[in-house]
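# Survey of secondary and tertiary structure
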Amino acid sequence: MLAELSPALIAEVHDAAKLLASKQRICLLTGAGISAESGIPTFRDKQTGLWENHRAEDLATPEAFACDPALVWSWYQWRRQLVADKKPNPAHKALAYWQHHAKANHQQLTLITQNVDDLHEQAGSTVVHLHGNLARNRCSQCQTPYTSASNHSKDSEALDNSDVDRQDAETLITCSHCGGYIRPDIVWFGESLPVQAWQTAEEAAADCEVFISIGTSSLVYPAAGLAQLAKRNGAKVIEINPNPTPNTTVDMIIKEKAGIIMPVLVKQITGS
Ligand code: OAD
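Residues numbered from 1 in each chain as written. Predicted model: local features only at pLDDT ≥ 70, side-chain atom pairs only at ≥ 80, totals over all residues. Heavy atoms only, no water.

## Thoughts on the sheet that holds strand 8 (residues 236–240)
Ordered in space as 3-2-1-7-8-9, the six strands form an open sheet in which the pairing is parallel. Taken across any chain shown, the strands that pair with only one partner, and hence form the sheet edges, are strand 3 (128–129) and strand 9 (252–254). Here five bridges tie strand 7 (residues 210–214) to strand 8, and the two strands are oriented parallel to one another. Residue pairing in the sheet places V210 in a bridge with K236 of strand 8. Sitting on the sheet, helix 1 (residues 7–20) touches strand 1 (25–30), strand 7, strand 8 and strand 9, and the angle it makes with strand 9 is about 135°. Seen against the sheet, helix 10 (residues 225–232) touches strand 1, strand 2 (108–113), strand 7 and strand 8 and runs at an angle of roughly 160° to strand 7. (Pairing = 2+ DSSP bridges. Helix = DSSP H or I, 4+ residues; strand = E, 2+ residues; numbered from the N terminus. Contact = heavy atoms within 4.5 Å. Axes fitted to C-alpha atoms, helices over the stretch in contact; angles between N-to-C directions.)

This is how it looks when you write it as structure tokens:
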């Protein structure tokens, strides 16, 4: 694996591993970039096919849903189909391995994601979702969680493919309690983050010794502010991203894909 990396990258991974050695409290924030190598386009990528004339930022808003709920709903149904068959890549798997290793060694490794896919969970991680979950729906009026009839018998919260597979998957569904439209249980631009998830994220960022930002453009707040919070409280900040970001808190930048760096870094940290 090391052979794939340039000498400069090998040195950077060594430095990062050295910085992380013997640290007890580590906080990681992931964004769409970590799922890119699984085949899920990031938010800043241009949309394709039917949706090429729409910007994700214009569809993921309460205003867009109020104005044209069918359009926003069908975009999310399309995104669910896009994600349904995607699998964790080496970055997700390395993080899951590291998390298990840390737990066994009584280290605190908090994994926070802005992603609404479940690839971290599929890889075996415990993860705090800041922006909701593509698998869930709720009423846009009374907030009651929605589970399709064919999903009532299922125990898990797995992606509700029964909705996706239905012929009328793009037809709006109404709430059986109040008649409001059902919407994805996702945080849209301008909406508040889930209270418990945000509290966990803030506490972990404020208390960590090293904060690692992976595959996020660091453009969307409040999530992007977690690195600043960590830095103010004395943490070192590492960024893993092939492209530059406006994150000015970073002490160390590794400019390469997460799926290439994370397995090597985790191997060096865990020794396995
Ligand atoms: P973005 O799409 O804004 O940024 C993705 C980042 O991943 C970019 O900085 C890329 O350079 C980087 N990237 C691409 N491929 C990568 C790879 N293989 N390895 C590592 N990095 C890679 O996604 P987010 O930062 O997650 O919010 O966006 C934040 C939020 O804005 C999203 O959660 C979403 C969005 O609009 C809501 O929907 C509320």
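## Remarks on the layout of surface pockets
The computed volume of the largest pocket comes to approximately 740 Å³. Lining the largest pocket are 38 residues; nearest its centre among them are G31, A32, F43, R44 and S217. Among the elements of the structure, helix 2 (33–36) and helix 5 (69–84) are those that each provide at least two residues to the lining of the largest pocket. By residue class, the composition of the lining of the largest pocket is 18 nonpolar, 13 polar and seven charged. When residues of the lining of the largest pocket are sorted by domain, at least three fall in each of domain 1 (2–40 + 87–131 + 192–270) and domain 2 (49–85 + 134–186). (1 Å grid on protein atoms, 1.4 Å probe; cavity = no way out; pocket = protein on both sides within 12 Å on 5 of 7 lines; lining within 4 Å. Points joined across faces, edges and corners; volume = space filled by probe spheres on them. Nonpolar A, V, L, I, M, F, W, Y, C, P; charged D, E, K, R; others polar. Domains from an automatic or database assignment.)

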